[in-house]
Amino acid sequence: MALHDLSVDELLTALGDKTPTPGGGAVAPLVAGLATALGRMVLAYSVDKPSLSEHRDGNEDAMRRLHYLQQQAMQCAEDDAIAYAALNALMKLSKDDPQRAAEWTQAVEGAMDPPRRTLQLCGTLIDTIDGLAATTNRWLASDLAVAAVLLVAAARAAAWNVRANLTQLDDAARVDALRSEIEAQIDAVQARADDLERRLAS
């Protein structure tokens, strides 16, 4: 069953079961999706507010953007399960199996793709959430702060799912490039979230 078809209770049960998926690779984009939904809620309480009428067009654009990004987050969660299943199947083969040798690098890269996309998504989302601080209902500032906190957690979780597979690559230059990429993305999300929290708390 697809993740988006599960109830919250079913999802938590599935996460806790002794099965390879869903796991941490799915949790990261799901947490990003929660942040997206919080942003949408803040906008829902702001878009028709008379005192914020000057921001209505921009807020409506943000609602559409967040709806799209929420779908992207769910897709990353679904894709993670598919990619890990392909890698897990190769792991069960002996190391001298020709199929494993031929498909290994591509499968590892495939397993890293959803968390890398999740990291990029977190960067896009924190930019969007940050922009809502000045255009939305001030009474919901705490919800924007929670969204920012969740995006930091999602970014860090996604990075761990990239790191978990880096040891499976033989290309040292590629490994170094990916490490630098994810660290820069985490730092950018963290810095933006910290700044947003400071402004919301003032």
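Each remark here, short or long, concerns the structure printed above.
What you see is a predicted model; the values in this text were computed from it and never measured.

Engineer: Please explain the packing of aromatic side chains as it appears in this structure.
Structural biologist: The description of an aromatic ring pair rests on the distance of the ring centres and on the angle between the ring planes. Enumeration according to the criterion identifies 0 aromatic pairs in this entry. Above the face of the Trp104 ring, Arg100 is positioned so that its terminal group lies 4.4 Å from the ring centre. The side chain of Arg163 reaches across the aromatic face of Trp160, ending 4.7 Å from its centre.

Engineer: Which parts of the structure should I look at to understand the pattern of salt bridges?
Structural biologist: Pairs may arise between side chains of opposite charge once their charged atoms sit close together. As enumerated under the stated definition, the model contains 12 salt bridges in all. A salt bridge links Arg56 to Asp48; the nearest nitrogen and oxygen atoms lie 3.2 Å apart. One salt bridge in this structure joins Arg174 and Glu109, with 2.9 Å as the shortest N-O distance. On the criterion of sequence distance, the pair formed by Arg174 in helix H6 (residues 172-201) and Glu109 in helix H4 (residues 98-131) is long-range, its members being 65 residues apart.

Engineer: Where do I start with the environment of Arg116 in this structure?
Structural biologist: Looking at the secondary structure, you find Arg116 in helix H4. Along the backbone, Arg116 and Asp143 are 27 residues apart, and their C-alpha atoms lie at a distance of 26 Å. Once residues lying within four places of it in the same chain are set aside, the contact partners of Arg116 are Val162, Arg174, Leu178 and Glu181. Polar contacts involving the side chain of Arg116 include one to the side chain of Glu181, which spans 2.9 Å.

Engineer: How do you make sense of the state of the cysteines when you look at a structure like this?
Structural biologist: Two cysteines whose sulfur atoms are joined by a covalent bond form what is called a disulfide. All told, the structure shown has 0 disulfides when counted by the stated rule. Looking at the unpaired Cys76, the closest cysteine sulfur is the one in Cys122, lying at 9.0 Å. By relative accessible area, which is 0% here, Cys122 ends up buried.

Engineer: Looking at this structure, how should I read the side chain of Ser46?
Structural biologist: Mapped onto the secondary structure, Ser46 falls in the loop between helix H2 (24-44) and helix H3 (56-91). A relative accessible area of 0% places Ser46 in the buried class. Ser46 has contacts with Leu52, Asn59, Thr136 and Asn137, leaving out every residue within four places of it along the chain.

Engineer: Could you clarify how one ought to interpret H4 in this entry?
Structural biologist: Since one α-helical turn is 3.6 residues long, residues separated by three or four positions face the same way. Here H4 spans 51 Å end to end across 34 residues, near enough to the 50 Å set by a 1.5 Å rise per residue. Sitting at the head of H4, Asp97 places a side-chain oxygen 2.8 Å from the backbone nitrogen of Gln99.

Engineer: Please clarify how the side chain of Asn165 should be interpreted in this entry.
Structural biologist: Note on placement: Asn165 falls in helix H5 (residues 141-166). Of the polar contacts made by the side chain of Asn165, one reaches the backbone oxygen of Asn161; its length is 3.0 Å. The residues touching Asn165, leaving out its near neighbours within four places in the chain, are Leu87, Val108, Ala111 and Met112.

Engineer: Could you clarify how one ought to interpret the packing of H4 against H6 in this entry?
Structural biologist: The contact between H4 and H6 brings their axes to 10 Å, and the two run at 25°. Here H4 lies roughly parallel to H6, going by the angle between them. Two packed elements cross with a definite hand, and for H4 against H6 that hand is left-handed. For the pair H4 and H6, the contacting residues are Glu109, Met112, Arg116, Leu119, Gln120, Cys122, Gly123, Ile126, Asp127, Ile129 and Asp130 in the first and Arg174, Leu178, Glu181, Ile182, Gln185, Ile186, Val189, Arg192, Ala193, Leu196 and Arg199 in the second.

Here is what the cut-offs are and how they apply
Residues numbered from 1 in each chain as written. Predicted model: local features only at pLDDT ≥ 70, side-chain atom pairs only at ≥ 80, totals over all residues. Heavy atoms only, no water. Phe/Tyr/Trp six-rings, centres within 6.5 Å; stacked < 30°, edge-to-face > 60°. Lys NZ or Arg CZ within 6 Å of the ring centre and 35° of its normal. Salt bridge = Lys/Arg side-chain N within 4 Å of Asp/Glu carboxyl O. Helix = DSSP H or I, 4+ residues; strand = E, 2+ residues; numbered from the N terminus. Contact = heavy atoms within 4.5 Å. Polar contact = N/O pair within 3.5 Å; in protein donor to acceptor, adjacent residues only side chain to side chain. Disulfide = S-S within 2.5 Å. Buried < 20%, exposed > 50% of the residue type's maximum accessible area, 1.4 Å probe, protein only. Expected span 1.5 Å × (residues − 1). Axes fitted to C-alpha atoms, helices over the stretch in contact; angles between N-to-C directions. Parallel < 35°, antiparallel > 145°, perpendicular 65-115°, else oblique. Left-handed = near helix turned anticlockwise from the far one by under 90°.

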